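# Breakdown of the fold
Single-letter residue listing:
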Amino acid sequence: VKRNDEVAPPNLQLEERVSSSLNPFKGLNQHKSSTDIPKPTQKSQEEKHKEWDSTISPKEDKSRLGQDTKSDELNMLRKVQQERLQVSHKSIPFTANQFERDRSGTETQHGRKACVHENKMDATSDHDPHEDDDDYPNRHGERHDPAGKTTANTPTRTLEEELTFLKRFSPTRYQVQIGFVPNMKVPAEIIVNDGLEKLLLQEFHDSCCAGEGGNSFIPALRQAANVAALPGIVGASLAMPDVHSGYGFCIGNVAAFDMNDPNAVISPGGVGFDINCGVRLIRTNLTEKDVDFETREKLADALANHIPVGVGVDGVIPCTEEDLDDILMNGVDWAIRQGYAWEEDKEHCEENGRMDTADSNCVSKKAKRRGLKQLGTLGGGNHYAEIQVVEEIYHPQAAETMGIGKVGQVCIMIHTGSRGLGHQVATDALTVMEKAMARDHISLNDLQLSCARIQSREGKEYLAGMSAAANFAWVNRSCITYLTRKAFKEVFHREPDDMSMHLVYDVCHNIAKVEKHVIDGEEKTLLVHRKGSTRAFPPHHPNIPKDYQSIGQPVLIGGTMGTCSYVLVGTPKGMSETFGSTCHGAGRALSRNQSRKRLDHEEVLEQLRKDGIAIRVASPKLVTEEAPESYKNVCDVIETCQEAGISEKVVKLRPIAVIKG
């Protein structure tokens, strides 16, 4: 783990092989420190330029005042869920009653020790190597359900018998029926096509057939079913096409809980550790002709110089403790007042860039300390800033409405979240909720689903702290947008407004929010958990911007490094069948360890160069972890959502430059 004042050195061997003009590490983390950059105030444009010549000044018009490592989930779960399903290659144990957990780590009644995950970390540093992971526990030494061995009175089911609980009732939808795991209150439903189904079932098969004495993990199918057993859940536990195994909830899980049910729960595992990890899209009036390969390299350098990337790198946006409390309470409003965002940006953010359920007092001092120096930082893992061009248009009306209706038009996509602050909020909540579960006698199929009743003190405090972390994430992406506009100004010698660098939309895909939905013909107030899934509200919904009312909410789906991304819109069918939700990306097909073993980073970089993509990364290891081969085909994921009717394609975007941590 790098300390605050350390920057990972470039890989010298790689530099020797890549020419200076194509060096993927060139310019990374060479930006000024926060102490060198004055905090913008509401001064005249001329005064601001005198203070900081390279600063983007807010538009003079009065209307304007002024985005990890996704963990190796499968590998991690193999470690923390030791002998979860210790089986032969012919059968799978099924336990009707949960085994007794010993939280002290001593022997259980089945002669097994509780499994403890300890994250090795420098105690003097507030940076965590997994702080940008959507789904990785840290620090607090969290104890996990060790499950149990097959015993004489434990009924078993063969793989074939297990699969009888999986019923297909449409070309894109499968149902995991009640009874697959204990205490299911609703079914689990999985949205996949034939190709994605094979990956899902392979994961299930691999987890169940690890061999006698081998380690295993909880596959996404079983995780979605375990969520269906949580108190207060309504409808179904849903999994989007990019589904894969995660922490507690699978990645791609959507689950809604009745706010009026006194037993209904809220679960940090249903949000993820990178709270409000999300995506925003900025459009321009530039075209691909304006960004030849040389210009792409300059833009990549400029972005890498201005946007701090990687774990352990401090931000360049000044932020005091008072500022941080303001950010946690007011979100994007703070960025607008300080000149880091345009007034119109707020209108094109989900929730207008601010969750009013936030309370900064519910964010611990440790979480605040971790976030204080991370404002305006990209982080690591699958987080990125990417320059893209519109390649295909499927819905001309919607594309024109969003201002991205020309093939070849240049856009910028930013993907990051709440960094270490959000990670600490989740970590803190898990510790507290273990005690709340014991007090309220909440039993779970998997302790990674740690939760609290929504109306309990612990539930309310987590919702307030999570909302505050979400506000921080929106401000973080706003500040990166500020730095992106600054980089484009530096390269093109034009003001951002002259290049029409407007925000198309900003969506989050790790969140829990209070929403109104119709269940069995009755409107109910629900707490909807979206973990690795994106809100996708239909046309005329009151919670989407006025200028998008006729087309529906924009949905931004980032592809993998070197592959295409998509813009979608929500649909009425999605609103009624998936709580207004759709996918969030491609979803991993290989674990990070598998990617590093199978792929060569030099070959990946060479292929990106051949494809005309300029790239800057902080670590060569990351190149293989985030290579296209490590993920599912994002086009298959999008087509499945389209066929299922839960979202509709608008445009396809092709990358031409990418910055990653």
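All figures in this text were calculated on a predicted structure; none of them were measured in a lab.

## Comments concerning the overall build of the protein chain
Assigned secondary structure in the protein chain consists of 19 helices and 23 strands. Element-wise, carbon and sulfur atoms account for 47% of the exposed surface of the protein chain, whose accessible area totals about 23,500 Å².

## A few points about the confidence of the model for the protein chain
Scored by pLDDT, the protein chain comes out at a mean of 79, with 73% of its residues at no less than 70. Counted against residues more than four places away or in other chains, residues 32-125, with its pLDDT under 50, gives 282 contacts. This model gives residues 138-155 a pLDDT under 50, and the stretch forms 79 contacts once residues within four places in sequence are excluded.

## Notes on the packing of aromatic side chains
Enumeration over the complete set of coordinates arrives at 8 aromatic pairs. When the ring of Y247 is compared with that of F273, the centres are 5.3 Å apart and the planes differ by 75°; the resulting orientation is edge-to-face. Within this pair, whereas Y247 is found in the loop between β8 (233-244) and β9 (251-258), its partner F273 is found in the loop between β10 (265-266) and β11 (278-287), the two being separated by 26 residues in sequence. For the pair Y247 and F273, one class covers both residues: buried.

## Structural notes on the pattern of salt bridges
According to the stated counting rule, one finds 31 salt bridges in the structure shown. When the shortest N-O distance is used, the salt bridge between R168 and D194 registers 2.9 Å. A residue pair is termed long-range when its members are at least 10 positions apart, and R168 in strand β5 (residues 166-170) and D194 in helix α5 (residues 194-208) qualify at 26 residues. Note on R168: relative accessible area 42%, which makes it partly exposed. As a salt-bridge pair, E350 and R535 come within 3.8 Å of each other at their nearest N and O atoms.

## Observations concerning the sheet that holds β9
Spatially, 7 strands are ordered β5-β6-β7-β8-β9-β17-β16 in an open sheet, and the strand pairing comes out mixed. Looking at which strands have only one partner, the edges of the open sheet turn out to be β5 and β16 (510-519). Taken over all neighbouring pairs, the strand axes of this sheet differ in orientation by 25° on average, direction set aside. Taken strand by strand, helix α6 (residues 220-227) contacts β5, β6 (173-176), β7 (188-191), β8 and β9, and its axis lies near 160° from that of β8.

## Focus on the nonpolar core
Ranked by internal contacts, the top residues of the largest apolar core, which has 138 residues, are I190, L230, L375, M466, F488 and F579. Sort the elements by how many residues they give to this core and helix α14 (residues 457-492) lands first, with 17 residues. Counting 30 residues, the second-largest nonpolar core is a separate cluster that includes Y384, M402, I551 and V569.

## Notes on the environment of G371
Looking at the element boundaries, G371 is found in helix α11 (residues 365-372). Residues G371 and D314, spaced 57 residues apart in sequence, show a C-alpha to C-alpha distance of 9.7 Å. Excluding anything up to four places from it in sequence, G371 contacts L421 and F472.

## A look at the pairing of strand β19 (residues 554-557)
Going residue by residue along β19, you find P554 and L556 tucked away on one face and V555 and I557 tucked away on the opposite face as well. Strand direction decides the pairing type here: β19 and strand β20 (residues 565-570), joined by 4 bridges, are antiparallel. When the bridges of β20 are listed, I557 appears paired with Y566.

## Comments concerning the packing of helix α8 (residues 321-330) against α14
At a closest axis distance of 6 Å, the pairing of α8 and α14 adopts a crossing angle of 105°. Here α14 runs roughly perpendicular to α8, going by the angle between their axes. Contact with α8, carried on its side by L324, I327, L328, M329 and N330, involves A468, A469, N471, F472 and V475 of α14 and no other residues of that element. Of the residues that constitute the contact of α8 with α14, the class distribution is 8 nonpolar, 2 polar and no charged.

## Here we look at the environment of R439
Mapping R439 onto the fold places it in helix α13 (residues 419-440). Look at R439 and you get partly exposed, because its relative accessible area is 44%. The spacing of R439 and A452 is 13 residues in sequence and 10.0 Å in space, taken between C-alpha atoms. Look past the residues within four positions of R439 in its chain and what remains in contact with it is S456 and E458. At 3.0 Å, the side chain of R439 forms a polar contact with the side chain of D440.

## Topic: the environment of I282
Mapped onto the elements of the fold, I282 is located in strand β11. The class for I282 is buried, based on a relative accessible area of 0%. For the pair I282 and V410, spaced 128 residues apart in sequence, the C-alpha to C-alpha distance is 8.9 Å.

## Section: the side chain of S360
Looking at where S360 falls in the secondary structure, it is placed in the loop between α10 (343-347) and α11. S360 gets classed as buried once you look at its relative accessible area, which sits at 8%. Discounting chain neighbours no more than four positions away, the residues touching S360 are D325, L328, M329 and K368.

## Brief notes about unusual backbone geometry
Its identity as a non-glycine residue notwithstanding, D520 has a phi of 50°, on the positive side. Considering the arrangement of structural elements, one finds D520 in the loop between β16 and β17 (522-531). The backbone phi angle of F579 is positive, close to 55°, even though this residue is not glycine. Along the chain, F579 falls in the loop between α15 (572-577) and β21 (581-582).

## Some remarks on the packing of helix α7 (residues 293-306) against α14
Interaxial distance between α7 and α14 falls to 9 Å at its minimum, and their mutual angle equals 140°. In terms of orientation, α7 lies oblique with respect to α14. Pair α7 / α14 crosses with right-handed handedness. Contacts between α7 and α14 involve T295, K298, L299, A302, L303 and H306 from the first element and L483, T484, K486, A487, F488, E490, V491 and F492 from the second.

## Section: the pairing of strand β22 (residues 614-617)
The alternating pattern of β22 places A614 and R616 on one face and I615 and V617 on the opposite face, and all of these are buried. Across 4 bridges, β22 lies against strand β23 (residues 647-660) in parallel orientation. Residue pairing across strands places A614 opposite A657, the latter belonging to β23.

Conventions we followed
- Residues numbered from 1 in each chain as written.
- Predicted model: local features only at pLDDT ≥ 70, side-chain atom pairs only at ≥ 80, totals over all residues.
- Heavy atoms only, no water.
- Helix = DSSP H or I, 4+ residues; strand = E, 2+ residues; numbered from the N terminus.
- Areas by Shrake-Rupley, 256 points an atom, 1.4 Å probe, with all protein chains shown as cover.
- pLDDT = per-residue confidence, 0-100.
- Contact = heavy atoms within 4.5 Å.
- Phe/Tyr/Trp six-rings, centres within 6.5 Å; stacked < 30°, edge-to-face > 60°.
- Buried < 20%, exposed > 50% of the residue type's maximum accessible area, 1.4 Å probe, protein only.
- Salt bridge = Lys/Arg side-chain N within 4 Å of Asp/Glu carboxyl O.
- Pairing = 2+ DSSP bridges.
- Axes fitted to C-alpha atoms, helices over the stretch in contact; angles between N-to-C directions.
- Core = buried A, V, L, I, M, F, W, Y, C linked by side-chain atoms within 4.5 Å.
- Parallel < 35°, antiparallel > 145°, perpendicular 65-115°, else oblique.
- Nonpolar A, V, L, I, M, F, W, Y, C, P; charged D, E, K, R; others polar.
- Polar contact = N/O pair within 3.5 Å; in protein donor to acceptor, adjacent residues only side chain to side chain.
- Left-handed = near helix turned anticlockwise from the far one by under 90°.

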